[in-house]
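Now for the letters of each chain:
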Amino acid sequence: MGTPLDELRELPTGSGRVAVTWLGQAGFALRSRQTTVLVDPFLSPHEGRRYESALPAAAATGVDLVFCSHEHVDHLDAASAPAIATASPGATFVVPAPIVEMVTEAGIAKERVLGVQPGETDGRRPHLSRRGHDPLRGDGGHGRGAPTARCPLADQRSSRRTRGPRHRREPQRTRGRVAGRDDRLGDADPDAPRPVHEEPRIGGRGRGGGRGGGPRGDGPRSSPGDPVRPGGGQRTMRALVYLGPRRMELQEVPDPVAGPGDVVIDSVVSAVCGSDLHGFREASPRRIPPLVMGHETIGRIGAVGTGVDPERLGQRVVLKPIISCGRCAACRAGDINRCREGRLVGRDLAGGFAERFAVPATAAVPVPSELPDEVAVLTEPLANAEHVTERAVREGDVVFVIGSGPIGALMVRAAFLHRARQVIVTDTNPERLAFAVAQGAEGVPGDDALEAVMAATDGWGADVVIDAAGFETTWALGLQAIRPGGHIFEIGLGAPRGMVEFFTVLGKEATITGSYAWSDQDFARSLELLAGGALTPDGWLTRVPLADGQEAFEDLADRGQPFKVLLELA
Ligand SMILES: [Zn+2]
Ligand SMILES: [Zn+2]
């Protein structure tokens, strides 16, 4: 079974359940859903021990929080703390504020240590269960309406205040290894920058500069991350500008102009994508502020650059947000998501959370007039589902979808369009499950999911697993649920790295395939399917005025609600 933490991960920890294991002496490990917590982990050998440690510090992987209740060696083990920090680069150390400095002196980078004052934890509790951003301080910003945001200066002050108490209160066990640089383990790098979650992107930033995918793709281009395209427009417009983690601001910014081969799209509605939300939650190397996000947009062509048919003025369009070189082997095959010079509107250049934005004319695709905005705006997300199911699903397959957000629900629809026999979907949020069930899936809560898949397949396992969540736990669930020789598709952005049971991959001869965005063909087919009435997204979208964008992002980030937000721009 491996380490005690491996065993914890095997146990069901759904609603109301917590898995617990004793690590010896005062140490415990707790796990609930996707959060693993070590309490007073005393893992080093020590002559005063009465019970051996059950966990080598280097094996303390996948830990989210390390609580140390006070400074004694059997509660704050300065020798093993750096090894835990190295094994779990996402872990935050939570300690009473007066002993913060003892933890940093043990070799833990100070931005990973959270000192708490009496009574301070209540407002943070909702964040404890959230994986995918730093559980306690990942909110980090100073945004409006973020009651849990913490000022870094306050942290510094509180750690400076600790000098007095620390020197007055020396550890009582003189043989202990609590304080002191000498005890620092050599293999930890206390100055290492806090890891940020990476997400896949198209090609390398900067390589594509100066080259566009339009009919005459040599027009002026903004540098990546510019809030608007330059061009000296006289007027201004409103844009929701991303200024850093958890900070969106409605700003007046200069109007974009259409360069050669470009069009300006006057936005009507823009949907918020899970990847925008990922960028909002935490700093991402792929989304550099200030930035206007948004890549799921319906609008009308408000201006055309030279070389673009003026007849297109006023045309209703959906944004096709991958801008690729159009010349490389990948582009010629239609695999524009694999173009090394590819850029994404709303990430590498200004996007649809603004009244207007400029793109190459080929990125503005005409929409059939009978298709309502609320359906047409799902062209891009459905293309993501097409890209997976087109490759994954064969007639008669049993498909298991993990994660029932908008992408998960679209996977259900797309799997049936590819003639799946049965689709089972699971999510930790029962409200979200309802949207996938409305698309014809059998919805099961997390704890019962594996059993449901096995019951549907004579204990054999699903033909296809689509992981639209992407955490260590869902990778493990997918491997448990897949049949021998089956195919797992990974599309969720939950965690950038972690443990995978490769013996199971080998033993089951499972294939794991990554999926990123979509090809030309997927996008075209998605629009065709929607125009043909393939999807009824009843109740999916909640309309929000652009001015309330910050609040909408906070609701999505903190409560997972509403299901999908549609920002109104016109
Ligand atoms: Zn999207
Ligand atoms: Zn290319």
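Residues numbered from 1 in each chain as written. Chains lettered and ligands numbered in written order. Predicted model: local features only at pLDDT ≥ 70, side-chain atom pairs only at ≥ 80, totals over all residues. Heavy atoms only, no water.

**Q** Help me understand the packing of helix α6 (residues 274–281) against helix α16 (residues 549–559) in this model?
**A** Any two packed helices are characterised by how steeply their axes cross, that is the angle between the axes, and by the distance between the axes. Their axes nearest at 10 Å, the elements α6 and α16 cross at an angle of 95°. Compared by their axis directions, α6 and α16 come out roughly perpendicular. Contact with α6, carried on its side by Asp 276, Leu 277, Phe 280 and Arg 281, involves Gln 550, Phe 553, Glu 554, Leu 556 and Ala 557 of α16 and no other residues of that element. In terms of residue class, the contact of α6 with α16 is built from five nonpolar, one polar and three charged. (Axes fitted to C-alpha atoms, helices over the stretch in contact; angles between N-to-C directions. Helix = DSSP H or I, 4+ residues; strand = E, 2+ residues; numbered from the N terminus. Parallel < 35°, antiparallel > 145°, perpendicular 65-115°, else oblique. Contact = heavy atoms within 4.5 Å. Nonpolar A, V, L, I, M, F, W, Y, C, P; charged D, E, K, R; others polar.)

**Q** Quick question: what am I supposed to make of the packing of aromatic side chains here?
**A** Aromatic ring pairs: the centre-centre distance and the angle between the two ring planes describe each pair. What the rule picks out here adds up to six aromatic pairs. A ring pair is formed by Phe 435 and Phe 563, whose centres lie 3.8 Å apart and whose planes are at 10°; its orientation type is stacked. Of this pair, Phe 435 sits in helix α11 (residues 430–438) while Phe 563 sits in the loop between α16 and β23 (564–568), and the two are 128 residues apart along the sequence. By relative accessible area, Phe 563 is classed as buried at 7%. Ring geometry for Trp 540 against Phe 563: centres 5.4 Å apart, planes inclined by 80°, an arrangement best described as edge-to-face. Here Trp 540, found in the loop between α15 (520–531) and β22 (541–545), pairs with Phe 563, found in the loop between α16 and β23; they are 23 residues apart in sequence, far enough to count as distant. Each member of the pair, Trp 540 together with Phe 563, is buried. (Phe/Tyr/Trp six-rings, centres within 6.5 Å; stacked < 30°, edge-to-face > 60°. Buried < 20%, exposed > 50% of the residue type's maximum accessible area, 1.4 Å probe, protein only.)

**Q** I keep staring at the side chain of Arg 356 and nothing clicks. Help me out?
**A** Secondary-structure assignment places Arg 356 in strand β14 (residues 356–360). Engagement of the side chain of Arg 356 in a polar contact is seen with the side chain of Asp 255, the distance being 2.7 Å. Those residues in contact with Arg 356 that sit more than four places away from it in its chain are Arg 235, Thr 236, Met 237, Asp 255, Pro 256, Val 264, Ile 265, Asp 266 and Ser 267. (Polar contact = N/O pair within 3.5 Å; in protein donor to acceptor, adjacent residues only side chain to side chain.)

**Q** Help me understand α11 in this model?
**A** Within an α-helix, residues lying three or four positions from one another point in the same direction, as the helix has 3.6 residues per turn. For α11, the complete set of buried residues consists of Arg 432, Leu 433, Phe 435 and Ala 436. Around the axis of α11, the buried residues are gathered within 150° of arc, so they sit on the same side. Turned more than 90 degrees away from the buried face of α11, the exposed residues are Pro 430, Glu 431 and Ala 438. Buried residues in α11 make contact with α10 (406–417), β17 (422–427) and β18 (442–445). Among the residues of α11, the N-terminal cap falls to Asn 429, whose side-chain oxygen and the backbone nitrogen of Glu 431 are separated by 2.9 Å. (Arc of directions from axis to C-beta.)

**Q** Explanation requested: the pattern of salt bridges in the structure shown.
**A** Per the stated rule, a full pass over the model turns up 18 salt bridges. Put simply, Arg 347 and Asp 348 hold a salt bridge, and the shortest N to O gap is 3.2 Å. Owing to a relative accessible area of 1%, Asp 348 belongs among the buried residues under this scheme. Because the salt bridges share partners, they merge into one network encompassing Asp 6, Arg 9 and Glu 472. (Salt bridge = Lys/Arg side-chain N within 4 Å of Asp/Glu carboxyl O.)

**Q** Hey, could you run me through the nonpolar core in this one?
**A** The biggest cluster of nonpolar side chains holds 53 residues, and the ones touching the most others in it are Val 377, Val 399, Val 401, Val 423, Ile 466 and Trp 540. Looking at which domains feed residues into this core, each of domain 2 (236–378 + 539–568) and domain 3 (381–518) gives three or more. Ignoring any residue separated from it by four or fewer positions in sequence, one finds Ile 466 in contact with Val 388, Thr 389, Val 399, Phe 400, Val 401, Ile 402, Met 411, Phe 489 and Ile 491. (Core = buried A, V, L, I, M, F, W, Y, C linked by side-chain atoms within 4.5 Å. Domains from an automatic or database assignment.)

**Q** Explain the coordination of the zinc ion (ligand 2) here, please?
**A** Tetrahedral coordination by four donors sets the ideal angle at the metal to 109.5 degrees; octahedral coordination by six donors sets it to 90 or 180 degrees. For the zinc ion (ligand 2), the protein coordination sphere consists of Cys 325 (SG), Cys 328 (SG), Cys 331 (SG) and Cys 339 (SG), at 2.3 to 2.4 Å. Considered as a linear motif, the donors of the zinc ion (ligand 2) on their single chain read C-x2-C-x2-C-x7-C. A relative accessible area of 8% places Cys 325 in the buried class. The exposure class of Cys 331 is buried, given its relative accessible area of 8%. (Donors = N, O, S within 2.8 Å, 3.2 Å for Na, K, Ca; no water.)

**Q** What is the right way to look at α15 in this model?
**A** In this model α15 runs 17 Å from its N-terminal to its C-terminal C-alpha over twelve residues, within 8% of the 16 Å that 1.5 Å per residue would give. Directly after α15, the chain includes Gly 533, whose backbone phi takes a positive value near 80°. (Expected span 1.5 Å × (residues − 1).)

**Q** How do you make sense of the sheet that holds strand β21 (residues 511–514) when you look at a structure like this?
**A** One open sheet holds the six strands; their spatial order is β18-β17-β16-β19-β20-β21, and the pairing between them is parallel. Edge positions in the sheet fall to β18 and β21, since each of these pairs with one other strand and no more. Between one strand axis and the next, the sheet turns through 20° on average, direction left out of account. Here strand β16 (residues 398–402) runs beside β17; their pairing, made up of five bridges, is parallel. By the bridge assignment, Val 401 is partnered in β17 with Val 425. Those strands touched by α11 are β17 and β18, and its axis lies near 170° from that of β17. In this fold helix α13 (residues 472–481) packs onto β16, β17, β19 (462–467) and β20 (482–490), with an angle of close to 150° to the strand it touches most, β20. (Pairing = 2+ DSSP bridges.)

Honestly, it's all geometry; don't read function into it.
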